[in-house]
Amino acid sequence: MSIKKISFPYYKLKKGENLKTVSKKFGVDSTKILLDNHLSPKQIKEGVFIKIKTDN
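Residues numbered from 1 in each chain as written. Predicted model: local features only at pLDDT ≥ 70, side-chain atom pairs only at ≥ 80, totals over all residues. Heavy atoms only, no water.

Visitor: What's the story with the nonpolar core in this structure? I'm lost.
Guide: As a rule of thumb, nonpolar side chains are buried together in soluble globular proteins. Judged by nonpolar contacts, Tyr11, Leu13, Leu19, Val22, Val28, Ile33, Leu34, Ile44, Val48, Ile50 and Ile52 together constitute the single largest core of 11 residues. At the level of elements, helix 1 (19-26) and helix 2 (30-37) are the ones that each hand at least two residues to this core. Apart from the residues within four sequence positions on either side, tyrosine 11 is in contact with Glu17, Val22, Lys25, Phe26, Val48, Phe49, Ile50 and Ile52. (Core = buried A, V, L, I, M, F, W, Y, C linked by side-chain atoms within 4.5 Å. Buried < 20%, exposed > 50% of the residue type's maximum accessible area, 1.4 Å probe, protein only. Helix = DSSP H or I, 4+ residues; strand = E, 2+ residues; numbered from the N terminus. Contact = heavy atoms within 4.5 Å.)

Laid out in structure tokens, this is it:
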């Protein structure tokens, strides 16, 4: 029996990252990130897990 690796759909923000840098890094609109996670821009800070959907 083999073990299949499941990708983790969340990304943990590192020190110095913000909404602008994450949206540029993954090529996803920043508004889409906020709406998918039900967050405000002030809640995007170091240590927060955010879900990033790259497919439509």
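Visitor: What's the story with the pattern of salt bridges in this structure? I'm lost.
Guide: A pair can form between side chains of opposite charge whenever their charged atoms are brought close. What the rule picks out here adds up to 2 salt bridges. Between glutamate 17 and lysine 25 there is a salt bridge, with its nearest N and O atoms 3.6 Å apart. What makes glutamate 17 buried here is its relative accessible area of 19%. For lysine 25, a relative accessible area of 48% puts it in the partly exposed group. Aspartate 36 is the partner of lysine 32 in a salt bridge, and the nearest nitrogen-oxygen pair spans 3.1 Å. With a gap of 4 residues between them, lysine 32 and aspartate 36 both fall in helix 2, about one helical turn apart. (Salt bridge = Lys/Arg side-chain N within 4 Å of Asp/Glu carboxyl O.)

Visitor: Would you mind going over the packing of aromatic side chains with me for this structure?
Guide: By convention here, two paired aromatic rings are described through the distance between centres and the angle between planes. Overall, the coordinates contain 1 aromatic pair when judged by the stated rule. Between tyrosine 11 and phenylalanine 26, the aromatic rings sit 5.1 Å apart at their centres with planes inclined by 75°, giving edge-to-face as the arrangement. One end of the pair, tyrosine 11, is in strand 1 (residues 10-12); the other, phenylalanine 26, is in helix 1, and 15 residues separate them in sequence. (Phe/Tyr/Trp six-rings, centres within 6.5 Å; stacked < 30°, edge-to-face > 60°.)

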